[in-house]
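The residues making up each chain are set out below.
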Amino acid sequence: KLEAAWKIPVLQTFHTLSKVKEQFIPGLHEPIERHRAEELLIKQVDHILGFTPDDAGFLTQLYAADPAKITLIPPGVDTNLFSPIPQAQAKTKIGIPKDKQLLLFVGRLDPIKGLETLLKALALVEKQCDCHNLNLAVIGGDEVHHSNRLLIRLNKQSVKSSVATAEEQDAYRDQIQALAHQLG
């Protein structure tokens, strides 16, 4: 109604889509009302903004979205907050010896992000080679129950881990922000 009254197009973007979540999280069943609402939005809006080619694929394959209505705009990063520093300096700041290799995961700790797949792959790599030189850093926020589940799986897979409390994560984020400003 507002579209007609204001004579402006309606653009829509989705953070996550129910059918995509169900595809990647076994046993998850989103409410049918959410499916219907997403399908209705996708049909009625003038344009959809996505972030990746995968987004466009999910919209067209799972929701029959018109590809002509989809524009991709890659997500950005605040380069004032995040900028490259020398590798040795970065490792020192997070407590990893300079001679160790670093595998980095950055994102919220959510099943759809695939961290569990990474952990399983890392466990396989560790079994197949002498990889004492490899360190995994997981940077991201989370709901408590998923962190606990991940920690249990890590321990079962004999992958060394540490999970910071919310207060520690907040303090660490503040330290990283201060460091970023200090480094310019």
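Above: the structure in question.
Remember, predicted model here, so these are calculated numbers, not experimental data.

Draft legend 1. Structural detail: the overall build of the chain. In terms of helices and strands, the chain carries eight helices and five strands. Helices and strands appear in the chain in the N-to-C order α-β-α-α-β-α-β-α-β-α-β-α-α. Counting over 184 residues, the chain shows a buried share of 22%. Long-range contacts, defined as pairs at least 24 residues apart, comprise 59% of the intrachain contacts of the chain with a sequence gap of at least 6. As displayed, the chain offers around 13,000 Å² of accessible surface, 57% of which is attributable to carbon and sulfur atoms.

Draft legend 2. Just the pattern of salt bridges, in detail. Scanning all chains against the criterion turns up four salt bridges. The residue Arg-34 makes a salt bridge to Glu-30 at a minimum N-O spacing of 2.9 Å. By relative accessible area, which is 15% here, Glu-30 ends up buried. The salt bridge involving Glu-38 is made with Arg-34; its shortest N-O contact spans 2.8 Å. Taken as a pair, Glu-38 and Arg-34 lie in helix 3 (residues 32-44) at a separation of four residues, close to a single helical turn. Look at Arg-34 and you get partly exposed, because its relative accessible area is 24%.

Draft legend 3. Expanded view of the sheet that holds strand 3 (residues 70-72). Reading across the sheet, the three strands line up as 1-2-3 and stay open at both edges, with parallel pairing between neighbours. The open sheet is flanked by strand 1 (11-13) and strand 3, the only strands paired with a single partner. Adjacent strand axes in the sheet meet at a mean angle of 30° when their direction is disregarded. Where strand 1 lies against strand 2 (residues 47-50), three bridges are found, and the strand directions are parallel. Across the sheet, residue Leu-11 finds its bridge partner in strand 2, namely His-47.

Draft legend 4. Structural detail: helix 3. With 13 residues, helix 3 should cover 18 Å at 1.5 Å per step; its first-to-last C-alpha distance of 18 Å lies within 8% of that length. Among all positions in helix 3, only His-35, Glu-38 and Ile-42 are buried. The buried residues of helix 3 all sit within an arc of 70° when viewed along its axis, so they share a single face. Turned more than 90 degrees off the buried face of helix 3, the exposed positions are Glu-33, Arg-36, Lys-43 and Gln-44. For helix 3, the secondary structure elements touched by its buried residues are helix 2 (18-24), strand 2 and helix 4 (53-63).

Draft legend 5. Examining the environment of Lys-69 more closely. Structurally, the position occupied by Lys-69 is in the loop between helix 4 and strand 3. Sequence spacing of Lys-69 and Ala-56 is 13 residues, and the spatial spacing of their C-alpha atoms is 9.8 Å. Discounting residues that sit within four places of it in the chain, Lys-69 has contacts with Ile-42, Lys-43, Gln-44, Val-45, Asp-46, His-47 and Ile-48. Within the local environment of Lys-69, its side chain forms a polar contact with the backbone oxygen of Lys-43, the two atoms lying 3.3 Å apart.

Criteria and cut-off values
Residues numbered from 1 in each chain as written. Predicted model: local features only at pLDDT ≥ 70, side-chain atom pairs only at ≥ 80, totals over all residues. Heavy atoms only, no water. Helix = DSSP H or I, 4+ residues; strand = E, 2+ residues; numbered from the N terminus. Buried < 20%, exposed > 50% of the residue type's maximum accessible area, 1.4 Å probe, protein only. Contact = heavy atoms within 4.5 Å. Areas by Shrake-Rupley, 256 points an atom, 1.4 Å probe, with all protein chains shown as cover. Salt bridge = Lys/Arg side-chain N within 4 Å of Asp/Glu carboxyl O. Pairing = 2+ DSSP bridges. Axes fitted to C-alpha atoms, helices over the stretch in contact; angles between N-to-C directions. Expected span 1.5 Å × (residues − 1). Arc of directions from axis to C-beta. Polar contact = N/O pair within 3.5 Å; in protein donor to acceptor, adjacent residues only side chain to side chain.

All we've got here are geometric facts, nothing functional implied.
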